[in-house]
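Understanding the architecture of this molecule
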Amino acid sequence: MTLTVSDLTCTRSTRTIFSGMSFAVHAGEAVLLRGPNGAGKSTLLRVLAGMIPAEGRIDLNGQALADGRDAVQEQITYAGHLDAIKPQLTVGENLAFWARLFDGDTLVGAKEKFALADIWDRPAHACSAGQKRRLGLARLLVTKRPLWLLDEPTVSLDTATVTQFAKIVTEHCAQGGMALIATHIDLGLDSAREIHMPADQTGTPPSNDPFLSGDWA
Amino acid sequence: MSAAFALLMRELRLALRSGGGAGLGLAFFLIVIMLIPFGIGPAPALLAKIAPGTLWIAALLACLLSLDRLFQADFEDGTLDILTLSPLPLEALVAIKALAHWLTTGLPLVIAAPVLGLTLNLPDQAYWWLVISLAVGTPALSFLGAIGAALTVGIRRGGLLLSLLVLPLYIPTLIFGARCVSAAAENTAVLPAFQLLSGVTLFTLALAPIAAAAAIRMHMR
């Protein structure tokens, strides 16, 4: 199982977010995505998840994203800035829904690993930000997908949970999984390779729209 | 199949919990119809004449009321991103969400309509056709609405735009639905209007999931 990215360029409304990205992630590997704010880390993860189109080539296991989006997407689970939690449902109902939707009726130890047992029957709107994040990350386990795309997964987690989370990522990789993690902190994944994304140098090109530049007046 | 069932159950549960808005359409329908006799005055013959059209217009607007949250809530909390990665095709997802909208909004209207027909002095022979025409017609309202909701997902306060997009599409359903009931009230042939109403609904059920899924895909990029 390998994720191969070659010469990936993403342009959104005339601004180049990143260009010429090439890298590979192999089975059993956790790769950290580093770079300053605005470097395009989140965009890259969304491109890899097939949610944003980009130029270049993305292959997962030799299957190109452009040719078989569904086949590639069914290998991926994504955790972004939003936790995808319904506040009206309890913690247990939220997680059980994701488990059933992704064809896995079992919760594969997600409840224990993310210490959700104590808040299992609590409505999600009554949970703290860190508890919601734990619930959002617990989804990674129940979806049982090999490639994890994580966008700053440790935001609002306490240090003990960050350590526990690093352990979970390591376990996932030990079982042949892969993780691509955009983060600013030291997760404690010693063996993890790092990919650096350069800062946004291009800036926003001057608009040639006369209305925006004021030339029309 | 279990994935589809899980999604349907979640949609129903969310709609019925506080803030879900399942009662919104029904309450609106009740209020509008209860107010009509006060506004028009107690003229049984006039009320009986306007009853079919009024019931249908109120049901249509009640359906429209909760549509803007159909995909917007999922878009705002990131659920839509995860749903697109799920094993369910986006078309199935749209169909299930529209079905859940009908079950929580359209179906209560169908059940409440005969009672409200009474307050508008609807002629006796039209009651069955009121229920049948609403039961057949309101699914089209939910599914057409799904197209509008998909097109306006990500637009803040998109409710007005949604109404403008969807109302023209509702007109055939309104015409044939109301015509079914008024034809029954006038003891004329109901079937021509009913067949056209059914045709519009079947066409919508087949087309709307594809159109709405395409609109959501456009939005993802």
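For every chain, the first residue of the written sequence is number 1, and numbering continues from 1 along that sequence. Written order decides the labels, with chains lettered from A and ligands numbered from 1. Per-residue local features are limited, in this predicted model, to residues with pLDDT of at least 70; the limit for side-chain atom pairs, both in listing and counting, is 80 or more; totals at the level of whole chains, interfaces and linings are taken over all residues.

Each helix is a run of H or I in the DSSP string that is no shorter than four residues. Each strand is a run of E no shorter than two, and both are numbered from the N terminus. The helix and strand inventory of chain B stands at nine helices and zero strands. Counting from the amino terminus, helix and strand elements in chain B follow one another as α-α-α-α-α-α-α-α-α. Radius of gyration (C-alpha) of chain B: 18 Å, near the 17 Å computed for a compact globule of 221 residues. Along the first, second and third principal axes, the C-alpha atoms of chain B reach 55 × 35 × 30 Å. Of all 221 residues assigned to chain B, the portion counted as buried reaches 48%. Any two residues are considered in contact once their C-beta atoms, placed from the backbone, lie within 7 Å. In chain B, the share of contacts with a sequence separation of at least 24, taken over all contacts with a separation of at least 6, comes to 81%. This radius of gyration counts C-alpha atoms alone. The globule rule is 2.2 Å times how many residues there are, raised to the power 0.38. Our exposure labels follow a C-beta count within 10 Å of each residue's own C-beta, placed from the backbone: buried means 20 or more other C-beta atoms, exposed means 12 or fewer, and partly exposed covers the counts in between.

Turning our attention to the overall build of chain A. Helices and strands together make up the secondary structure of chain A, namely seven helices and nine strands. A compact globule built from 217 residues should have a C-alpha radius of gyration of about 17 Å, and chain A, at 19 Å, falls within 12% of that. When its C-alpha atoms are laid out on the principal axes, chain A stretches across 60 × 45 × 35 Å. Scored against the burial criterion, the 217 residues of chain A give a buried share of 38%. By sequence separation, contacts in chain A at least 24 residues apart represent 72% of the contacts at least 6 residues apart.

Moving on: the pairing of strand S8 (residues 178-182) of chain A. Residue and element names in this part refer to chain A. For S8, a buried count of five out of five residues is recorded, marking the element as mostly surrounded by other parts of the structure. Residues Met178, Leu180 and Ala182 point to one face of S8 and Ala179 and Ile181 to the other, with burial holding for every one of them. Inspection of the sheet shows strand S3 (residues 30-34) paired to S8 by four bridges, in the parallel sense. By the bridge assignment, Leu33 is partnered in S8 with Ala182. By convention, a crossover is right-handed whenever its connection, traced from the first strand over the helix to the second and viewed with the strands pointing away, goes clockwise. As a crossover connection, the stretch from strand S7 (residues 147-151) through helix H6 (residues 159-174) into S8 is right-handed. Strand pairing requires that DSSP identify at least two bridges connecting the strands.

A separate point is the confidence of the model for chain B. Any region with low pLDDT has predicted coordinates that should not be read closely. With 98% of its residues at a pLDDT of 70 or more, chain B has an overall mean of 92. As a predicted assembly, this complex carries a pTM of 0.89 together with an ipTM value of 0.84. pLDDT gives the predictor's per-residue confidence on a scale running from 0 to 100.

Here we come to the sheet that holds strand S2 (residues 15-26) of chain A. Residue and element names in this part refer to chain A. Spatially, the four strands line up as an open sheet ordered S2-S1-S4-S5, and their pairing is antiparallel. Since the sheet does not close on itself, it has two edges, and those belong to S2 and strand S5 (63-64), each with one partner. Relative to S5, strand S4 (residues 55-60) runs antiparallel, the two sharing two bridges. By the bridge assignment for S5, Leu60 is matched with Gln63.

Attention shifts here to unusual backbone geometry. Even without being a glycine, Lys144(A) presents a positive backbone phi close to 55°. Counting through the fold element by element, Lys144(A) comes out in the loop between helix H5 (129-143) and S7.

Take the environment of Val47(A) next. Residues and elements named next belong to chain A. Position of Val47 among the secondary structure elements: in helix H1 (residues 41-48). Owing to 25 C-beta atoms within 10 Å, Val47 belongs among the buried residues under this scheme. For Val47, the contacting residues outside a window of four places in its chain are Leu8, Cys10, Ile52 and Ala54.

Quick look at the packing of helix H6 (residues 90-119) of chain B against helix H9 (residues 191-220) of chain B now. All names here are of chain B. Throughout, an axis means a line fitted to C-alpha atoms (over the contacting stretch in the case of helices), and angles, computed between N-to-C directions, take values from 0 to 180 degrees. In contact at an axis separation of 8 Å, H6 and H9 are set at 115° when each is read in the N-to-C sense. Here H6 is positioned roughly perpendicular relative to H9, judged by the angle of their axes. Between H6 and H9 the crossing geometry is right-handed. Taken together, the residues of H9 that come into contact with H6 (itself represented by Leu90, Glu91, Val94, Ala95 and Ala98) are Ala208, Pro209, Ile210, Ala212, Ala213, Ile216 and Arg217. Asp, Glu, Lys and Arg are counted as charged, while Ala, Val, Leu, Ile, Met, Phe, Trp, Tyr, Cys and Pro are counted as nonpolar; the rest, among them Gly, fall into the polar class. Split by residue class, the contact of H6 with H9 holds 10 nonpolar, no polar and two charged. Roughly parallel here means an angle under 35 degrees, roughly antiparallel means over 145, roughly perpendicular means 65 to 115, and every remaining angle is called oblique. Handedness of a helix crossing follows the sense of rotation of the near helix relative to the far helix, less than a right angle counterclockwise being left-handed and clockwise being right-handed.

Here the focus is the interface of chain A and chain B. Tallying the contact residues gives 22 residues for chain A and 22 residues for chain B. For the side of chain A that touches chain B, the elements supplying multiple residues, two or more each, are strand S6 (76-79) and helix H3 (91-101) of chain A. In terms of residue class, the side of chain A that touches chain B is built from 13 nonpolar, four polar and five charged.

Helical geometry: 3.6 residues make up each α-helical turn, so side chains three or four residues apart lie on a common side. Residue and element names in this part refer to chain B. The span one expects for a helix is its residue count, reduced by one, times 1.5 Å. Given a rise of 1.5 Å per residue, 15 residues ought to cover 21 Å, and the 21 Å separating the end C-alpha atoms of helix H1 (residues 2-16) matches this to within 8%. Those residues of H1 that fall on the buried side of the exposure criterion are Ala6, Leu7, Arg10, Glu11, Leu14 and Ala15. Along H1, the residues classed as buried sweep out an arc of 160° about the axis, all on the same side. In H1, the exposed residues that point more than 90 degrees away from the buried face are Ser2 and Phe5. The arc in question is the one traced by the directions running from the helix axis out to the C-beta atoms.

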